[in-house]
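Chain residues, written in single-letter form:
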Amino acid sequence: MPKTIVNARVTFRKSPIHVMEQFTFHNVDSAMSSFCNHAELDECVIVQTCNRVEVYGAADTFNEEKIRRTWASLAGLDRDAFKGNIEVSKSTDALNHLLRVATGLDSMVVGEEQVLGQVRSSITDARKCGTSGESLNTLFDRAVRVGARVRHATGMNKGGISVGSMAVKLAEDAHGRTLEGQEILLIGTGELSTLVAKSLKHHGYPFSVASRTLHRADAFCSSNGGEPVKFESILDDFGAYSVIFVATTAPYFMVTAEKVASSRRRDSTMIIDLSNPRTVEESVSGIEGVRLVNLDEIAGIVERNVKERESKVEDAERMLTDELPVLEASIKRLEAEPIVAGVFRHADEVRRRELAKAMEILGDVDEKTARTLADLTRSIMEEIVAGPIEHLRHASEQGDDSTLKAAQRLFGPPAD
Ligand SMILES: NC(=O)c1ccc[n+]([C@@H]2O[C@H](COP(=O)([O-])OP(=O)(O)OC[C@H]3O[C@@H](n4cnc5c(N)ncnc54)[C@H](OP(=O)(O)O)[C@@H]3O)[C@@H](O)[C@H]2O)c1
């Protein structure tokens, strides 16, 4: 029997973020080892992101109760905490779930890019940790390939879906597709500013960050990039910047037409007000050379992009329907591989033995003849075993245990 693949998960679908956080593992490497040691899993991979905590396991048989108990003990939870939060899938359903995760079909926003990288790094971590083996390596490697292919083929990953990265993209488009050479200012150090900063950093653009306290701007920059600047100094000197992102919850107009006009020393300035309610005075847009973009405009583009992605879901689902049986077959085929290796080894041993005898009889032969004989025997041997090997792999895919057992008896190690 091939190993059963199991997936136990707590995700945003059943649990709000603050509840989901209780199920996270503080040390993922040691958690994967604990599942192998205490939950009777032969292999384990954990995928943990801000929207999901998922345990994937491979075992001859699996014990759901032990998985829950190990999880509860690692996260310091009562077992009752799982009620209504955990979902468990196995075999085909578990494979299908991972394909959906990798493709971004199970994400809050369809086609979300990050999760594919997170699935990829989860299997890399498990390999390093030694908790994944043939089954989960095959499953994850294939899921990552399928995830990338489906996104690319359907175009489901196209179009920005984060207000932060979309704001940066709009600014780029307005400056000939790059912000290189622009003086960029980000006002705010909250959640949305973090997204803007990430996008700026990702593109390698230098930027300044202002917050009401320099200390907060400092802390923000040390984790998100950027150079902290004094809040008071920027309020009277907006003219020093050509691109200004504003993302604060200030209950007043922080950027006024008067201040912008009085500090103008550039031909063009773009101000992107991401705040709601607005913190940039609308009349700023009346100043020559100043372009004001507000949240409604950006949110509108993001919404159109999300709808565009959602229109690709059906195509992606269709592709996964075709991919699932191929993935299932490759997992099932793994069972035949040790037997296939045995058949091959046995045949090759016979070939080498007989070849050695023939060489001895022939005595001194030149290098060309020796190579020809070796190649000849190898191709005869490969031709002979190709058919049976194909049958074995097919039997494995079909779950034909009796054929596999017979082959195991014939070509496996001798019974005691
Ligand atoms: N989060 C999102 O995904 C999202 C999406 C769309 C729109 N928005 C809008 O973006 C704005 C920021 O949201 P957020 O989620 O980043 O909020 P947040 O995490 O609560 O951060 C608020 C920011 O506003 C600053 N701030 C608060 N009061 C201020 C004042 N009186 N003067 C100057 N700065 C002040 C804070 O600066 P200090 O560090 O100085 O305290 C902090 O940097 C909001 O208007 C929100 O509606 C957010």
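In the block above lies the structure referred to throughout.
For the structure given in this document, a descriptive report is provided here.

1. Considering the overall build of the chain
A count of helical and extended segments in the chain gives 16 helices and 10 strands. Its C-alpha atoms give the chain principal-axis dimensions of about 100 × 65 × 40 Å. Of the roughly 21600 Å² of accessible surface on the chain, 50% is carried by carbon and sulfur atoms. Averaging the positions of the 51 positive and the 63 negative side-chain charges in the chain gives two centres separated by 1 Å.

2. Things to note about the layout of surface pockets
Estimates place the volume of the largest pocket at around 1200 Å³. Lining the largest pocket are 32 residues, and of these Gln 114, Ile 161, Ser 162, Ser 165 and Leu 195 sit closest to its centre. Elements with a contribution of two residues or more to the lining of the largest pocket: α5 (114-129), α7 (163-174) and α8 (191-203). Here the lining of the largest pocket gets seven residues from one element, more than from any other, and that element is α8. For the lining of the largest pocket, a count of residues per class yields 10 nonpolar, 14 polar and eight charged. Here the lining of the largest pocket spans two domains, since at least three of its residues come from each of domain 1 (4-158) and domain 2 (163-295).

3. Thoughts on the sheet that holds strand β7 (residues 227-230)
What the six strands build is an open sheet, ordered β7-β6-β5-β8-β9-β10; its pairing is parallel. A strand with exactly one partner marks an edge of an open sheet, and here the two such strands are β7 and β10 (290-294). Strand-to-strand twist in this sheet, taken as the mean axis angle between neighbours without regard to direction, amounts to 20 degrees. Pairing of strand β6 (residues 208-211) with β7 involves four bridges; the strand directions are parallel. Each bridged residue has a counterpart across the sheet, and for Val 209 the counterpart in β7 is Pro 228. The strands that helix α9 (residues 214-224) touches are β5 (184-187), β6 and β7; relative to β7, the one it contacts most, it runs at about 170 degrees.

4. Details of the packing of aromatic side chains
A complete count under the given rule lists seven aromatic pairs for this structure. Between the aromatic rings of Phe 23 and Trp 71, the centroid separation amounts to 6.3 Å while the plane-to-plane angle is 90 degrees, which identifies the pairing as edge-to-face. Pair noted here: Phe 23 is in the loop between α1 (17-20) and α2 (28-38) and Trp 71 is in helix α3 (residues 64-75), with a separation of 48 residues, a long-range link. Residue classification places Trp 71 among the buried residues on the basis of a relative accessible area of 0%. Pairing Tyr 56 with Phe 140 gives two aromatic rings, centres 5.2 Å apart and planes at 85 degrees, and the pair type is edge-to-face.

5. Thoughts on α8
When the terminal C-alpha atoms of α8 are compared, their 19 Å separation across 13 residues agrees well with the 18 Å that a helix rising 1.5 Å per residue should span. For α8, the full list of buried residues reads Ser 193, Thr 194, Val 196, Ala 197, Ser 199 and Leu 200. Looking at the buried positions of α8, the neighbouring elements they touch are α7, β5, α9 and β8 (243-246). Just downstream of α8 lies Gly 204, where phi reads positive at about 80 degrees.

Conventions used here
Position numbers for residues count from 1 along each chain, tracking the sequence in the order it is written. At least 70 in pLDDT is required for a residue's local features to be given in this predicted model, at least 80 for side-chain atom pairs to be given and counted, and no such filter applies to totals for whole chains, interfaces and linings, which use all residues. Each side-chain value is derived from all of the structure's non-hydrogen atoms; neither hydrogens nor water enter the calculation. Helix and strand labels come from DSSP, where a helix needs a run of H or I of at least four residues and a strand needs a run of E of at least two; each type is numbered from the N terminus. Under the convention used here, a 1.4 Å probe and the Shrake-Rupley method define accessible areas, while residue burial counts only the protein chains that appear. Charge counting follows a simple rule: Lys and Arg are positive, Asp and Glu are negative, and His as well as the terminal groups are ignored. By convention, the point assigned to a charge is CZ for Arg, NZ for Lys, CD for Glu and CG for Asp. The distinction between a cavity and a pocket rests on a 1 Å grid over the protein atoms alone: a 1.4 Å probe fits inside a cavity but cannot get out, while a pocket stays open yet meets protein on both sides within 12 Å along at least five of seven lines, and a residue with an atom within 4 Å of a point counts as lining. Grid points are joined across faces, edges and corners, and a volume is the space filled by probe spheres set on the points. Under the scheme applied here, ten amino acids are nonpolar (Ala, Val, Leu, Ile, Met, Phe, Trp, Tyr, Cys and Pro), four are charged (Asp, Glu, Lys and Arg), and all others, including Gly, are polar. Segment limits for the domains were obtained from an automatic or database-derived domain assignment. The criterion for strand pairing is that DSSP finds at least two bridges linking the strands in question. Each axis is a line fitted through C-alpha atoms, taken for helices only over the stretch in contact, and angles between the N-to-C directions span 0 to 180 degrees. Contacts were defined at the residue level, with two residues in contact if any of their heavy atoms lie within 4.5 Å. Paired rings are identified among Phe, Tyr and Trp, the last through its six-membered ring, by centres lying within 6.5 Å, and are further divided according to the angle between planes into stacked (under 30 degrees), edge-to-face (over 60) and tilted (the rest). Using a 1.4 Å probe on the protein chains alone, a residue whose accessible area is under 20% of its type maximum counts as buried, one over 50% counts as exposed, and one in between counts as partly exposed. By this rule, a helix spans an expected 1.5 Å times one less than how many residues it contains.

Spatial relationships are all this shows, so hold off on functional conclusions.
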